[in-house]
Amino acid sequence: MAKSNIIKNFINSNMDINTALQNLMAILYCLEDENLINWANKELSGYDSINELPEYRKLKGRVMASYIVGNMKYSNAPFIISHLDDDIQENLININLYSSISTLEEMKNKGESRIGKPIPPEFYILLQENTNAHIIEASVNTDLSSINDVISKVRVKILKTLLFLEKEFGNLDELDIDISIKNKEELKNIVQHIHFNLYDNSIKIGDGNKIKGSNSFIRYYYGKSLKSDDKFEYNEGNENGKM
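The numbering scheme is per chain: residues are counted from 1 as the chain's sequence reads. Thresholds applied to this predicted model are a pLDDT of at least 70 for local features of residues and 80 or more for the giving and counting of side-chain atom pairs; totals over whole chains, interfaces and linings are not thresholded and use all residues. Side-chain numbers here rest on the full set of heavy atoms in the structure, without hydrogens or water.

## Re the side chain of S66
Quick note on the threshold: Helix numbering and strand numbering both begin at the N terminus, where a helix is a DSSP run of H or I of at least 4 residues and a strand a DSSP run of E of at least 2. Buried means the residue's accessible area, taken with a 1.4 Å probe over protein chains only, is under 20% of the maximum for its type, while exposed means over 50%, and partly exposed covers the values in between. We call two residues contacting when some pair of their heavy atoms lies within 4.5 Å.
Along the chain, S66 falls in strand 2 (residues 62-69). Here S66 falls in the buried class, since its relative accessible area comes to 14%. Those residues in contact with S66 that sit more than four places away from it in its chain are Y74, S75, N76, H134, I135, I136 and E137.

Right under this line is the structure:
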C-alpha cells in the first residue's frame, strides 16, 4: 500500500493529472536524467515533433468524406482507400496527438464524439484516383475513446513511476529523493526502469529519436522531400498544424 500522500491523492482522484505530472517532474529532477524530465515536461506542455512523440500518442483513424458518385451525394461517409499503395494508406490514417495532456482532457470533457485531421483538397485527386467519386471534403477521424485511452495510459505511467520511486527511495511527499543511498549501477538501473515505463521503449536514448518514412504520403504526391519536422497532422482552426 502506498505511503506517500501524493500517491494516495492521485489514486483517490483528489489530485488532477497535471498536478501529478508536476510532482513527478520535480522528483525526476533529482535523478538528473534529461529523457525522464523531458517526458513529464512534454506531457505538460505538448510535443513539438513526430520524432519525440511516444507510440501511445500515435493513433489510427478512418478516412471519412463527403463526395458525389453520379447523381448520388454522400455526406461524411467512410471512404475506401484500398486502391492506394500500402505505405500511403498507412501514413494517411495516422493521427498524431501533439497537445498537452490538459488539452486532451478538455477535449474529453467537451464530449465530442470524434476527433481528426482534415485532408487538404490538393490530395483529393490522389484519393479519388481509380474511383467514380468526386470528393467535396475529406478527413481522417477517430472516436473519443482513443483520447480516453491516451489519458488512461499517462495516468498509469505516472502511478507506476511514483510507486516504483517510493519503493526505492521511501516517502515522496517532500518531492525530493536522496540518491546518495544508491550506488552508480543501482541509479542507472532505476533510470532505465523508469524510462522503459514512460516511453514503452519506443524512443531509444542516443539514436537521435529519428523515425523514417513519416512523410511518405506527402512525398509520394508531390515528389519532393520534406524536412523531418514538417507535419501533415493538423486539425481545423489550428494554424500551427498540430493536434
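## Notes on the packing of aromatic side chains
Both the distance between ring centres and the angle between the ring planes are used here to describe each pair of aromatic rings. The cut-off we apply is this: When two rings of Phe, Tyr or Trp (its six-membered ring) have centres within 6.5 Å they constitute a pair, described as stacked for plane angles under 30 degrees, edge-to-face for angles over 60, and tilted for the intermediate range. The rule is short: NZ of Lys or CZ of Arg within 6 Å of the ring centre and within 35 degrees of the ring normal puts a charge over the ring.
Taken as a whole, this structure holds two aromatic pairs when the rule is applied. Three or more aromatic residues link up through ring pairs in this structure, and these residues are Y67, Y74 and F79. The side chain of K182 reaches across the aromatic face of F169, ending 5.8 Å from its centre.

## Thoughts on helix 3 (residues 34-45)
For clarity, the threshold we go by: For a helix, the expected span equals 1.5 Å multiplied by the residue count minus one. Here a polar contact is recorded for every N or O atom pair within 3.5 Å, except that within protein the pair must consist of a potential hydrogen donor and a potential acceptor, and residues adjacent in sequence are included only if both atoms are side-chain atoms.
For helix 3, with 12 residues, the first-to-last C-alpha span of 16 Å sits near the 16 Å given by 1.5 Å per residue. Of the positions making up helix 3, those classed as buried are L36, I37, W39, A40, K42, E43 and L44. Structurally, helix 3 contributes buried residues whose contacts are with helix 2 (17-28), helix 5 (101-110), helix 7 (145-169) and helix 8 (184-199). Taking the backbone nitrogen of N35 as reference, a side-chain oxygen 3.2 Å away marks D33 as the first, capping residue of helix 3. Of the residues one or two after helix 3, G46 is the one with positive phi, at around 105°.

## So, the environment of V69
Topologically, V69 is positioned in strand 2. What makes V69 partly exposed here is its relative accessible area of 30%. With 64 residues separating them in the primary sequence, V69 and A133 have C-alpha atoms 4.8 Å apart.

## Notes on unusual backbone geometry
Within the chain, S13 stands out as a residue other than glycine whose phi angle is a positive 65°. Judged by relative accessible area, S13 falls into the exposed class, the value being 59%. Its identity as a non-glycine residue notwithstanding, N76 has a phi of 45°, on the positive side. Relative to the assigned elements, N76 resides in strand 3 (residues 72-78).

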